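# Fold and geometry: a report
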Amino acid sequence: QVQLVESGGGLVQAGGSLRLSCAASGRTFSSYGMGWFRQAPGKEREFVAAFSRSGVTTYYADSVKGRFTISRDNAKNTMYLQMNSLKPEDTAVYYCAARMYARNAYDVSNYDYWGQGTQVTVSS
């Protein structure tokens, strides 16, 4: 199995940027399809961005496309989420997750391992 730890969250003004990191330990990082999700208070956890199981293809939610960029460094067992042009509606706890199989990357139920989350707050 794999253990995931997010970092990099914080408070930022609208229009600002943050970079989240997800450090993985345990089983080889490159064995998993990796993704980012977020959950705002009172809302369900929603898809943000992900890699295909092979790591070649990236997927983004429409709400973040063009503003967020997902990347990974397999040598460091770390995945990143660069968030630019942040909006108040991006405020949420952000989670990284890993899925073992080549299933739909957008579906939260397809992920097998989760980090503890990191808070992102965007002020207007």
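Here we summarise the structure given alongside this text. Residue positions are given per chain, counted from 1 along the sequence in the order it is written. With the structure being a predicted model, the display of local features is reserved for residues of pLDDT at least 70 and the display and counting of side-chain atom pairs for 80 or more, all residues being used for whole-chain, interface and lining totals. Values reported for side chains reflect all heavy atoms of the structure, with hydrogen atoms and water molecules removed beforehand.

### Observations concerning the sheet that holds strand 8 (residues 78-83)
A strand pair is defined by DSSP finding two or more bridges across the two strands. For the purposes of this entry, the term helix denotes a DSSP run of H or I that reaches at least four residues, the term strand denotes a run of E that reaches at least two, and both are numbered from the N terminus. Spatially, 1-3-8-7 is the arrangement adopted by the four strands of the open sheet, whose pairing is antiparallel. The sheet is open, and its two borders are formed by strand 1 (2-7) and strand 7 (68-73), each paired with just one other strand. Neighbour-to-neighbour, the strand axes of this sheet turn through a mean angle of 15°, independent of strand direction. Bridging between strand 1 and strand 3 (residues 18-26) involves six bridges; their strand directions are antiparallel. Bridge assignment links Val-2 to a residue of strand 3, and that residue is Gly-26. For helices, the fitted axis covers only the stretch in contact; all axes are lines through C-alpha atoms, and the angles between them, taken along N-to-C directions, range from 0 to 180 degrees.

### Looking at the state of the cysteines
Covalent bonding between the sulfur atoms of two cysteines defines a disulfide. Two cysteine sulfurs form what is called a disulfide whenever their separation falls within 2.5 Å. All chains considered together, the criterion is met by one disulfide. Disulfide partner of Cys-22: Cys-96, at an S-S distance of 2.1 Å. The S-S bond linking Cys-22 to Cys-96 shows a torsion near 55°; that makes this disulfide right-handed. Of the two residues, Cys-22 sits in strand 3 while Cys-96 sits in strand 9 (residues 92-99), which places them 74 residues apart along the sequence. According to the relative accessible area criterion, Cys-22 is buried, its value standing at 0%. Each residue is assigned to one of three classes by its accessible area relative to the maximum for its type, calculated with a 1.4 Å probe on protein chains only: buried under 20%, partly exposed between the two thresholds, exposed over 50%. With relative accessibility at 0%, the residue Cys-96 sits in the buried group.

### Observations concerning the packing of aromatic side chains
Centres within 6.5 Å are what make two rings of Phe, Tyr or Trp a pair, Trp counting through its six-membered ring; a difference in plane orientation under 30 degrees is then read as stacked, over 60 as edge-to-face, and the rest as tilted. The tally for this structure, following the rule as stated, stands at eight aromatic pairs. Cluster of aromatic residues (ring-pair linked, three or more members): Phe-37, Phe-47, Tyr-59, Tyr-95, Tyr-106, Tyr-111 and Trp-114.

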